[in-house]
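Structural description and commentary
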Amino acid sequence: MEGHAPRPAPGSPAALGYRHPAEWERHAATWLAWPHNRRDWPGKFAPVQWVYAEIVRRLAPGDRVRILVQDARHEALAASQLRRAGARLERVEFFQIETDRGWCRDMGPIFVVREQPAPRAAIADLHFNAWAKYANWRKDARVAGELARRLGMPRLDVRTADGRPFVLEGGAIDVNGAGVVLTTEECLLDPTTQVRNPGLTRDEVERALGDALAVRQVVWLGRGIAGDDTHGHVDDLCRFVNPTTIVLCQEPDGADANHRPLAENRERLEGLRLADGEKAEVIALPMPEPLWFDGLRLPASYANFYIGNEVVLVPTFNDPRDREALGILGECFPTRTVVGIHAVDLVWGLGTLHCLTHEEPAV
């Protein structure tokens, strides 16, 4: 699907005039789910809650923050910690909706917007199944539909050409808001490991992405980074920072497991022409030194940043390369404040800032 798209399926977001905005477009809110599943951060659950509080504190001046909690007791706990951390609670709303694990980027709703015939937002329901890996996903899978009901938004059920639910996590894609989506073959096309949509061909996946996101071009990268529990999410290695500029992680150490996959992805982007014909600019982003805990390599990456209305939150790892990554992203976002968030404890859950957050675009 290069530069054009087939006619969208009837009833799909694209057919109804909706598109997936870029993350840097204005937000109505940022969504999070307050942590509750201790198995995601064994031995580190207490400090992780304070990292969440710092995320909210940094976002709240520019973004309304909407937080999923399990129940009233969980809400009171979250509010207490936010208050102690100095977050602006008048900018926070709680929604009591049970979740299994709460990685908002992946299980949370993908919001789409349209300008005509009347401006409005809707929720594209992409049928979360816990990365085709874990058994506890049914509560998470109901979140999109429940939020559509509570927010009064249309819920748009995204299906494949043969009528099956199309499974897609938010971390598997990155859009430029102008018809282009980045993703990886490892995540969406691997026929044997963590298979989201069994039997779907490349063309069928591209068709479903076009229906769901109103994109005209799918840019396929190869493999993701070492330690990635999702099997190749693009938000750990490559991101748009404006409609024509991409940051891509690189690893110069030839002995590191990330060196070859990231170099191959760089080759794929060389000379890339985007859907509007403009050549993409590719900026190198460093990788932190390998981070291990209890014998497990963790998916530490500076590419897992989140773009708020006024700030860009970047995971940092007590690493000499933190400063370099913050400087590069600072140049990419000159109108926003780039802020480092300590993520050494957070990444023990196998994800960091982008994995936890999901933007709700303004209409």
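Preceding block: the structure.
In this report, the structure presented in the accompanying data block is examined. (Residues numbered from 1 in each chain as written. Predicted model: local features only at pLDDT ≥ 70, side-chain atom pairs only at ≥ 80, totals over all residues. Heavy atoms only, no water.)

Looking now at the pairing of strand S1 (residues 27-33). Judged by how many residues are buried, S1 sits mostly within the fold: six of seven residues are covered. The sheet contact formed by S1 and strand S18 (residues 358-361) spans four bridges and is antiparallel. Within the sheet, the bridge partner assigned to Thr30 lies in S18 and is Glu359. Considered for its hand, the β-α-β crossover made up of S1, helix H1 (residues 45-59) and strand S2 (residues 65-69) is right-handed. (Buried < 20%, exposed > 50% of the residue type's maximum accessible area, 1.4 Å probe, protein only. Helix = DSSP H or I, 4+ residues; strand = E, 2+ residues; numbered from the N terminus. Pairing = 2+ DSSP bridges. Right-handed = clockwise from strand over helix to strand, strands pointing away.)

Attention now moves to the pairing of strand S11 (residues 245-250). Among the six residues that make up S11, five are buried, leaving the element largely enclosed by the rest of the structure. Summarising the sheet, strand S10 (residues 238-242) and S11 pair through four bridges and their orientation is antiparallel. Across the sheet, residue Asn242 finds its bridge partner in S11, namely Thr245. Hairpin remark: S10 followed by S11, antiparallel, with two residues in the connecting loop. Pairing geometry for S11 and strand S12 (residues 281-286), over six bridges, is parallel. By the bridge assignment, Leu248 is partnered in S12 with Ala284. Chirality of the crossover, the property in question, places the unit of S11, helix H7 (residues 259-269) and S12 among those that are right-handed.

So, about the pattern of salt bridges. Taken as a whole and assessed by the stated rule, the structure comprises 30 salt bridges. Taking the shortest distance from any N to any O, the salt bridge between Arg239 and Glu23 comes out at 3.2 Å. Residue Arg239 is found in strand S10, and its partner Glu23 is found in the segment before S1; the two are separated by 216 residues along the sequence. Each member of the pair, Arg239 as well as Glu23, carries the same accessibility label: buried. A salt bridge links Glu251 to Arg321, with the shortest nitrogen-to-oxygen separation between them at 3.8 Å. A residue pair is termed long-range when its members are at least 10 positions apart, and Glu251 in the loop between S11 and H7 and Arg321 in the loop between strand S16 (311-316) and helix H8 (322-332) qualify at 70 residues. Since its relative accessible area comes to 22%, Arg321 is described here as partly exposed. Taken together, the salt bridges that share partners define one network made up of Glu23, Arg105, Asp174, Arg239 and Glu359. (Salt bridge = Lys/Arg side-chain N within 4 Å of Asp/Glu carboxyl O.)

Locating Glu186 in the fold gives a position in helix H5 (residues 185-188). The buried charged residue Glu186 lacks any salt bridge partner; its closest oppositely charged side chain belongs to Arg223, at an N-O distance of 6.1 Å. Looking at Glu186, its side chain comes within polar contact range of the side chain of His231, at 3.5 Å. Once residues lying within four places of it in the same chain are set aside, the contact partners of Glu186 are Gly222, Arg223, Gly224, His231 and Gly232. (Lys, Arg positive; Asp, Glu negative; His and termini not counted. Polar contact = N/O pair within 3.5 Å; in protein donor to acceptor, adjacent residues only side chain to side chain. Contact = heavy atoms within 4.5 Å.)

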